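Chains, contacts and geometry: an overview
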Amino acid sequence: MKALITGGGGFIGQMLAKRLVDRGDEVTLLDIAFSSAGLGPLAGKVKTRTGNLALFTDVLDAVRTVRPDSIFHLGALLSASAEANPISAYHVNIDGSFFVLEASRLFEVKRVIYTSSIASFGPGVPDPVPNEFDQKPTTIYGVSKVFTERLGEYYHREFGMGFRALRLPSILGAGRGGGGASAYTTYVIDKPARGEPVQVWCEERSRIPLLYVDDAVQGLVSVHDAPEAKLTRCSYNIQGFSPTAREMADAVRARIPKAQISFVPDPKMQAIVDSWPRALDDTPARNDWGWHPTIDLSGTIDRYMAAARGSA
Ligand SMILES: NC(=O)c1ccc[n+]([C@@H]2O[C@H](COP(=O)([O-])OP(=O)(O)OC[C@H]3O[C@@H](n4cnc5c(N)ncnc54)[C@H](O)[C@@H]3O)[C@@H](O)[C@H]2O)c1
């Protein structure tokens, strides 16, 4: 299979690319910029293209040139960056999604897999949130996720496009960037693993659903590969586990007794985190295409620390 990954230079994009390359797929990464540190283990194994999702010409040109069978549409401004730059977020996350779907229609891309988010739900939702529930986000990031889900469903209905979206929880793993308000879940492991103090920007009681990046990548590949006949819908909740910030800190302290973890809530970040669900019900994903996360909180912290030390 020929795959194009938008936002392919990012955290999940690179991990997904590795998984696809390992199974023999031909992968091109599209991103607005690639890290000067290079592509690490992906170097020489994937093609790269620089392009701006907010420009239809860049997206069209990438899809016309690569002619992918499938697009994994990951490119976006993440939650905190989007709230700080709502106009850019509109152009990248909303216009960009339209451009990816329209280019996919024009060049007959068979499947478009999209990374939606828990942020597509607004505050005041049940715990856990059912797969089908009002999506009334209060952030531009969340609005952009709902927009893309609904537009993808329209392309599926009108043009038969294989659009599939996963509502991802906060994804943990070495190499994750800091653009999301949920990134505290990474820093609370990463900094102690490096012997550095960490100030968590939300309250100890804060609880959001999490998933280790290897499971997230497996979810994206599995939903991509699932036969159309098995799917009862286009957009699926998935999650792994759902600890409080305090429980995460305690699990880190159990491994690194000298860890310096303090809680210094930032009202803006707390408001974003509080606008998200505490947990997601992912029963339809389990029933339709066999979703099953394999890595719990302990496994996540152990793997994260091994990866951060370069031993995994
Ligand atoms: N990381 C998480 O916890 C999480 C949770 C839920 C959903 N998601 C979604 O998963 C996707 C990937 O997230 P990630 O953690 O890998 O983020 P990331 O920031 O590491 O990757 C996003 C990539 O998009 C690229 N990008 C931004 N603007 C662009 C533009 N105008 N044109 C082209 N590329 C552009 C960035 O350069 C970056 O490489 C995003 O859609 C995000 O909303 C992530």
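Owing to the predicted nature of the structure, the values given are computational and were not obtained by experimental measurement. Residues take numbers from 1 onward in each chain, read along the sequence in its written order. Owing to the predicted nature of the model, reporting of local features is limited to residues with pLDDT of at least 70; listing and counting of side-chain atom pairs is limited to 80 or more, with chain, interface and lining totals taken over all residues. Excluding hydrogens and water, the side-chain figures rest on all heavy atoms present in the structure.

Let's talk about the side chain of Thr244
- Here Thr244 shows up in the loop between β10 (235-237) and α8 (245-255).
- Two residues qualify as a contact provided that any one of their heavy atoms is within 4.5 Å of a heavy atom in the partner residue. Excluding anything up to four places from it in sequence, Thr244 contacts Glu204, Arg205, Ser206 and Arg207. Starting at the N terminus, helices and strands are each numbered in turn, a helix being any DSSP run of H or I of at least four residues and a strand any DSSP run of E of at least two.

Section: empty space enclosed by the protein
- The pocket and cavity definitions rest on a 1 Å grid over protein atoms only: a 1.4 Å probe that fits but cannot leave marks a cavity, an open set with protein on both sides within 12 Å along at least five of seven lines marks a pocket, and residues lining either have an atom within 4 Å of a point. Grid points are joined across faces, edges and corners, and a volume is the space filled by probe spheres set on the points. For the structure on display, the rule yields 1 cavity of 30 Å³ or more.
- Taken as a whole, the largest cavity encloses approximately 40 Å³ of empty space.
- Taken together, His73, Gly75, Ala76, Asn93, Ser97, Tyr114 and Lys145 make up the full set of residues lining the largest cavity.
- Note on residue categories: nonpolar means Ala, Val, Leu, Ile, Met, Phe, Trp, Tyr, Cys or Pro, charged means Asp, Glu, Lys or Arg, and polar means any other residue, Gly included. Taken together, the residues of the lining of the largest cavity sort by class into 2 nonpolar, 4 polar and 1 charged.

Remarks on the environment of Trp291
- Note on placement: Trp291 falls in the loop between α10 (283-289) and α11 (297-308).
- The buried category is assigned to Trp291, whose relative accessible area is 4%.
- Discounting chain neighbours no more than four positions away, the residues touching Trp291 are Leu211, Asp215, Gly219, Ile238, Gln239, Asp282, Ala285 and Arg286.
- For the purposes of these results, a polar contact is taken to be a pair of N or O atoms within 3.5 Å, where, inside protein, one atom must be able to donate a hydrogen and its partner to accept one; residues adjacent in sequence count only when each atom of the pair is a side-chain atom. Within the structure, the side chain of Trp291 is placed 2.9 Å from the side chain of Asp282, a separation counted as a polar contact. With a 1.4 Å probe rolled over the protein chains alone, any residue whose accessible area is under 20% of its type maximum counts as buried; one over 50% counts as exposed, and the rest are partly exposed.

Any link to function would need more than the numbers given here.
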